[in-house]
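# Chains, contacts and geometry: an overview
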Amino acid sequence: MIKSDRSFYNWLMTNRNTVSANEIQQFANNAFLDSAFPKQSTNFDDISKYLEENTTYLISMTTFDKAWDIYQADR
């Protein structure tokens, strides 16, 4: 099986939900509105640093960590 080279952002967008049923869906909704999000990145450190330094919409980095784990499992 060939591993996907889909970016984290691309994967995250598959989790968007306008009723925001859970924290990952809310993260996806907010990332969609963030024009500066590193959309092409597949690198944990790059995305994590961006979120820590440039966003206020992510209440806890634990949400990113959970989303990243699911993203990695889907790859």
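In the block above lies the structure referred to throughout.
Keep in mind that what you see is a predicted model, and the values were worked out from it rather than measured. (Residues numbered from 1 in each chain as written. Predicted model: local features only at pLDDT ≥ 70, side-chain atom pairs only at ≥ 80, totals over all residues. Heavy atoms only, no water.)

### Here we look at the side chain of Asn29
Going by this rule: For helices the rule is a DSSP run of H or I covering at least 4 residues; for strands it is a run of E covering at least 2, with both sets numbered from the N terminus onward. Relative accessible area decides the class of each residue, using a 1.4 Å probe on protein chains only: under 20% of the type maximum gives buried, over 50% gives exposed, and in between gives partly exposed.
As for its placement among the helices and strands, Asn29 is situated in helix H2 (residues 23-33). Using a relative accessible area of 14% as the deciding quantity, one classes Asn29 as buried.

### Examining the packing of aromatic side chains
As a reminder, the rule being used: For Phe, Tyr and Trp, rings pair up if their centres lie within 6.5 Å, where Trp contributes its six-membered ring, and each pair is then called stacked (planes under 30 degrees apart), edge-to-face (over 60) or tilted (otherwise).
The final tally for this structure, using the stated rule, is 13 aromatic pairs. Arranged with centres 5.8 Å apart and planes meeting at 70°, the rings of Phe37 and Tyr50 form a pair that is edge-to-face. Taken together, the residues span a long stretch of sequence, with Phe37 in the loop between H2 and helix H3 (44-54) and Tyr50 in helix H3 at a distance of 13 residues. The pair Phe37 / Tyr50 is uniform in exposure class, with both members buried. An angle of 25° between the planes, with centres 5.2 Å apart, marks the rings of Phe44 and Phe64 as stacked. Taken as a pair, Phe44 in helix H3 and Phe64 in helix H4 (residues 61-74) lie far apart in primary sequence, 20 residues in all. Clustering of aromatic rings is evident, with ring pairs tying together Phe8, Trp11, Phe27, Phe44, Phe64, Trp68 and Tyr71.

### Side note on the side chain of Asp34
Convention followed: Only four residue types enter the tally: Lys and Arg on the positive side, Asp and Glu on the negative side; His and the chain ends are excluded. One side-chain nitrogen of Lys or Arg within 4 Å of one carboxyl oxygen of Asp or Glu is enough to make a salt bridge. A 3.5 Å cut-off defines polar contacts: any pair of N or O atoms within that distance qualifies, except that in protein one atom must be a possible hydrogen donor and the other a possible acceptor, and neighbouring residues in sequence count only when both atoms are side-chain atoms. For this analysis, residues touch if any pair of their heavy atoms sits within 4.5 Å.
Following the sequence through the fold, Asp34 ends up in the loop between H2 and H3. Buried charge Asp34 goes without a salt bridge, the closest partner of opposite sign being Lys39 at 6.1 Å. Within polar-contact distance, the side chain of Asp34 engages the backbone nitrogen of Ala36 at 3.0 Å. A polar atom in the side chain of Asp34 sits 2.7 Å from the side chain of Tyr50. Setting aside residues up to four positions removed in sequence, Asp34 forms contacts with Lys39, Tyr50, Thr55 and Tyr57.

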